[in-house]
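Here is what each chain is made of, one letter per residue.
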Amino acid sequence: ISQAKSCIDEAITEYQRALESYLDSPEIYQKIGVALYHKNEIDKAISYFEMAIEKNDKYSDAYYMIAECYIKKARVADAIEYAKHFKNVAH
């Protein structure tokens, strides 16, 4: 498990380097958010997913992951709202 966490940390570092290299894309914010989600850093993950949405408000994966984050936080009403956004932009 510690090796997996180390890999996640390395991935986050590489994605952050990409952002610093002006590869400012919603996909990179999404990838950092997913890595943070897997580290159980839910609030940080939500922030990155929100940045992905700021870059592209049709980025359905970010809406989906925010819904997943809110489920982990037992905030069902918020999860439902983001799931609705996901459904609307995914189709």
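Residues numbered from 1 in each chain as written. Predicted model: local features only at pLDDT ≥ 70, side-chain atom pairs only at ≥ 80, totals over all residues. Heavy atoms only, no water.

### Quick word on the nonpolar core
Let me state the cut-off plainly: Nonpolar core, defined: a set of buried Ala, Val, Leu, Ile, Met, Phe, Trp, Tyr and Cys residues in which side-chain atoms within 4.5 Å join the residues together. Three labels apply to residues, based on accessible area from a 1.4 Å probe with only protein chains included: buried if under 20% of the type maximum, exposed if over 50%, partly exposed otherwise in between. Where helices and strands are cited, they refer to DSSP runs of H or I of at least four residues and of E of at least two residues respectively, numbered from the N terminus. Here, residues are in contact when the closest pair of their heavy atoms is within 4.5 Å.
Of all hydrophobic cores here, the largest spans 27 residues; its most connected members are I32, F49 and C69. Elements with a minimum of two residues in this core: α1 (2-20), α2 (26-38), α3 (42-55), α4 (60-72) and α5 (76-90). Residues in contact with I32, not counting those within four places in the same chain, are I12, Y15, Q16, L19 and Y48.

### Thoughts on α3
Selection criterion: Each residue after the first adds 1.5 Å to the expected span of a helix. Note that the arc is defined by the directions from the helix axis to the C-beta atoms.
Its 14 residues place the ends of α3 20 Å apart at the C-alpha level, agreeing with the 20 Å of an ideal helix rising 1.5 Å per residue. Of all the residues in α3, the buried ones are I42, A45, I46, Y48, F49, A52 and I53. For α3, the buried positions fall inside an angular range of 165° around the axis, keeping them on one side. Exposed and facing more than 90 degrees away from the buried side of α3 are D43, K44 and E54.

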